[in-house]
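Listed below, chain by chain, are the residues.
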Amino acid sequence: MPTAEPTDPGALAERYGLTRSSLRPSLDTYLRELWSRRRFVAGYASARTYAMYAGARLGSVWQVLTPLLNATVYYLAFGVLLGTKDGIDNYVAFLLSGIFVFTYTQRCMTEGSRSLALNLSLIRTLHFPRATLPLAYVLNELNQMLVSTALLLVVVGVTDGLAWSWLLVVPALVLQSMFNVGMTLIFARIGTFVSDVTQLLPFVTRTWLYVSGIFFSLPAKLTDANAPEWVIQVLAFNPMSAYIDIVRRALLDEHTANQLPHAWAIAAGWSVVALAGGFLYFWRAEDRYGRG
Amino acid sequence: MAEAEPTVVADRVNIVYKVIAGQGGKGTAATAFRRILKRQDRPTIREVHAVKDVSFTAYKGDAIGVIGRNGSGKSTLLRAIAGLLPPESGAIYTGGRAALLGVNAAMMNDLTGDRNVVLGCLAMGMPADEIDRRYDEIVEFSGIGEFIDLPMSTYSSGMAARLKFAIASAKTHDILLVDEALATGDAEFRVRSERRIRELRQQAGTVFLVSHSLDVVLDTCNRALWLDKGVLRLDGPAAEVVAAYTRSARA
């Protein structure tokens, strides 16, 4: 062999400053790399939105139609057929806010769980921080959420009129987006290594949907059932209930009787925990994505 | 090139990976349940010892052809150098990031060619103004022409391979790993990509080239590795290794 080295390979590598090829970057390097790819995240998200509606005749009109149709179905099922609207003045706005907020997180989780699996070929071709892909998926859903929120504002504006408290929707969405980034990163990692999760997630989110107080007022329901006081305190810790509640507080005048305790504090707490935990959890497997 | 600095050092690398070898048994839900109840691992998962105890050192300016029969671990070795597959034991050290170019890896298929160019460059961390500057050059090099506005799913495999090669080679990589990409292009593109590989070598990079075309290896590489069933049979000047390989293939 013409290139035989007398020295030990490891020592040779070290002398010339070579590093192991499959090595996870440190957390601060990783965050810096992620920041430097922010334009990729935005570009990928917009390309994905474009590709999603490219085949449909109505194109991106579906961004408005999908939440509307969703809301109509739930309104017919719960508001009209099951009559859960008792005791809620502006039931349409109450229902819409619940569904839109919930759908935002739900879509992030279910779509995000496939964000790496569907892009394996890209992952195997180019080197880039893998967290950019789940982040782009969240950006997609945020985009959809902004359209939905605009729709919701129109509905509330027509039924209740404008109010300064609407501005609180902005911090509410920021907190929820932080939570969603964390959850999406967590499920992106799980979904990559345990693909069964993708099959299971719809059932998990649907159960979550029914306990989050979207179609009915949780406090009113519990009072009817003569449940002890602590039950509502426990249920209020559900992050989805909290994110829905802070949006309702911002938009609905009469949402004082039905509101949950400490919703803002609980929402903020979940946001920080999910964001930090999600990043750490995702980063710890950075060197293993795309293998097989 | 004896004084040159090393860019890739492989130290007794062993690579074992798990593959799902089709459906074992009848593959019905009932058999799957029985398996879970008995706590058996999926029988269909088989371990493949693809690369066995391979050591070598590559230097700046090297263009190394990796030859061997199908299934001898050539592509696996490349993926390990790229950092996409962890060695079971041993280590691969690289100076800078290695970029892998394969024919099988598609990019974003439902997006148009031009979006793939921009997104691919962004993913590699190229700044926006550089992308603007290099865009025409990349498209021209790929030779895709007016098809650049169409989704990549409509491209022939040769066209897709050309575009991917153009995107990935737009950035100067310290180490470029090429997996059969040249074989798919037409004759004209082959000449162009061979020239690009030479340029990359001159920019003091290292190029690894997996190819079944021994002529391409002889034309572009100064050195060759011959892998046989995962074992490194020979490492030396391209002409010598190719000659030994042809001799054994005839025997």
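These notes cover the structure that comes with them. (Residues numbered from 1 in each chain as written. Chains lettered and ligands numbered in written order. Predicted model: local features only at pLDDT ≥ 70, side-chain atom pairs only at ≥ 80, totals over all residues. Heavy atoms only, no water.)

We now examine the interface of chain A and chain B. Between chain A and chain B, the contact holds 36 residues from the first and 46 residues from the second. Buried area between chain A and chain B, both sides added, is near 3,700 Å², and the carbon and sulfur share of it is 61%. Viewed at the interface, chain B and chain A are joined by zero salt bridges. Seen at the junction of chain A and chain B, the total is one residue pair in polar contact (both at pLDDT 80 or more). Elements supplying a minimum of two residues to the side of chain A that touches chain B: α1 (9-15), β1 (19-20), α3 (38-54) and α6 (120-125) of chain A. (Contact = heavy atoms within 4.5 Å. Buried area = accessible area lost by both parts, 1.4 Å probe. Salt bridge = Lys/Arg side-chain N within 4 Å of Asp/Glu carboxyl O. Polar contact = N/O pair within 3.5 Å; in protein donor to acceptor, adjacent residues only side chain to side chain. Helix = DSSP H or I, 4+ residues; strand = E, 2+ residues; numbered from the N terminus.)

The subject of this paragraph is the packing of helix α4 (residues 128-142) of chain B against helix α5 (residues 157-168) of chain B. Residue and element names in this part refer to chain B. Two elements in contact, α4 and α5, have axes separated by 8 Å at closest approach and are oriented at 145°. Taken as a pair, α4 and α5 cross one another with a handedness that is right-handed. In this structure, α4 contributes I138, F141 and S142 to the contact, and α5 contributes R162, L163, F165, A166 and I167. (Axes fitted to C-alpha atoms, helices over the stretch in contact; angles between N-to-C directions. Left-handed = near helix turned anticlockwise from the far one by under 90°.)

Let's shift gears to the side chain of A:N119. Residue and element names in this part refer to chain A. Note that N119 resides in the loop between α5 (91-112) and α6. The exposure class of N119 is buried, given its relative accessible area of 5%. Here Y44 takes part through its side chain, which lies 3.0 Å from a polar atom of the side chain of N119. Excluding residues that lie within four positions of it along the chain, N119 makes contacts with Y44, L133 and Y137. (Buried < 20%, exposed > 50% of the residue type's maximum accessible area, 1.4 Å probe, protein only.)

Glancing now at α4(B). Residues and elements named next belong to chain B. Between its first and last C-alpha atoms α4 spans 20 Å; for 15 residues at 1.5 Å apiece the expected length is 21 Å, and the two agree. Bending of α4 peaks at approximately 45° at the position of R134. Buried positions along α4 lie against α3 (113-123), α5 and α7 (187-202). Backbone geometry just after α4 places G143 at a positive phi near 70°. (Expected span 1.5 Å × (residues − 1). Bend = angle between axes of the 7 residues up to and from the residue.)

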